[in-house]
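Observations on chain architecture
Below, each chain spelled out in residue letters.
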Amino acid sequence: MIPAFVMSFLTSVLVLFYGYKSFKALDSTGEQDDVQWLTFWLLYSGLNFIEYFSDTLLFWLPFYYEIKFGILVYLGYFRGAKFWYDSALKSWIKSKESSIDSAIQNAENKAKGYADQAQGIVKEKAQKVANQAVNMALKTAVADKSN
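1. With respect to the packing of helix α2 (residues 32–58) against helix α4 (residues 80–146)
Two numbers describe how α2 lies on α4: the axes approach to 10 Å, and their chain directions differ by 60 degrees. Considering their axes alone, α2 and α4 lie oblique with respect to each other. Between α2 and α4 the crossing geometry is left-handed. Note on element contacts: α4 touches α2 through Ala81, Lys82, Trp84, Tyr85, Leu89 and Ile93, opposite Val35, Gln36, Thr39, Phe40, Leu42 and Leu43. Partitioning the contact of α2 with α4 into residue classes produces 9 nonpolar, 2 polar and 1 charged.

2. Notes on α4
Here α4 is 67 residues long, yet its end C-alpha atoms lie only 81 Å apart, well below the 99 Å a rise of 1.5 Å per residue gives. Where α4 bends most, the angle comes to about 60 degrees, and this point is Glu97.

3. What about the packing of helix α1 (residues 4–27) against helix α3 (residues 64–77)?
With their axes 9 Å apart at the nearest point, α1 and α3 run at an angle of 15 degrees to one another. One way to sum up the angle between α1 and α3 is to call them roughly parallel. Our pair here, α1 against α3, has a crossing hand that is left-handed. Every residue of α3 that contacts α1 at Ala4, Met7, Leu10, Thr11, Leu14, Val15 and Tyr18 is listed here: Tyr65, Glu66, Lys68, Phe69, Leu72, Val73, Gly76 and Tyr77.

4. Re the side chain of Thr39
Inspection of the secondary structure assignment puts Thr39 in helix α2. A residue is classified by how much of its surface remains accessible, and Thr39, at 5% relative accessible area, is buried. Beyond its immediate sequence surroundings of up to four residues, Thr39 is in contact with Ala81, Lys82 and Tyr85.

5. Some details on the confidence of the model for the chain
Taken residue by residue, the chain gives an average pLDDT of 93. The fraction at 70 or more is 99%. Per-element averaging of pLDDT across the chain places α2 at the bottom with 93 and α1 at the top with 95.

6. Here we look at the layout of surface pockets
Roughly 430 Å³ of volume is contained in the largest pocket. Listed by contribution, the elements that provide at least two residues to the lining of the largest pocket are α2 and α4. Looking at the lining of the largest pocket, the element that brings in the most residues is α4, giving 8 residues. When its residues are assigned to classes, the lining of the largest pocket shows 12 nonpolar, 1 polar and 2 charged. Volume-wise, the second largest pocket comes out at about 280 Å³. Secondary-structure elements contributing two or more residues to the lining of the second largest pocket are α2 and α3.

Scoring rules and cut-offs
Residues numbered from 1 in each chain as written. Predicted model: local features only at pLDDT ≥ 70, side-chain atom pairs only at ≥ 80, totals over all residues. Heavy atoms only, no water. Axes fitted to C-alpha atoms, helices over the stretch in contact; angles between N-to-C directions. Helix = DSSP H or I, 4+ residues; strand = E, 2+ residues; numbered from the N terminus. Parallel < 35°, antiparallel > 145°, perpendicular 65-115°, else oblique. Left-handed = near helix turned anticlockwise from the far one by under 90°. Contact = heavy atoms within 4.5 Å. Nonpolar A, V, L, I, M, F, W, Y, C, P; charged D, E, K, R; others polar. Expected span 1.5 Å × (residues − 1). Bend = angle between axes of the 7 residues up to and from the residue. Buried < 20%, exposed > 50% of the residue type's maximum accessible area, 1.4 Å probe, protein only. pLDDT = per-residue confidence, 0-100. 1 Å grid on protein atoms, 1.4 Å probe; cavity = no way out; pocket = protein on both sides within 12 Å on 5 of 7 lines; lining within 4 Å. Points joined across faces, edges and corners; volume = space filled by probe spheres on them.

Structure follows, in structure tokens:
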């Protein structure tokens, strides 16, 4: 069993390598590598999301980090991402697409509302601070002039 910190480091290096392969795919003329890396990142993001919630249970499994590393090698290097996308994920996402789009739109609307509210608060506070600074500068100027 390889220590978890070593496997975590190796996994990070592997993901960084796949990021570089994605960069190379963007600059290439063919579409096959684009599809490979888009499907990889789609599956990777889904697995990462699932892992966020299940990691406290999964890391107790023997060879968890080795298995995770192996899955990433399979998905990226052996084109497993494309296989799983074509055989299962695409049809599942298509069946949920309208629900997903609706949830994303609702989240974007809420986020925009919160951002607008925060922007208003920041503007109000900044205006107060600016007014206080101007008042303090005027008082200082008047005090210096009378001395």
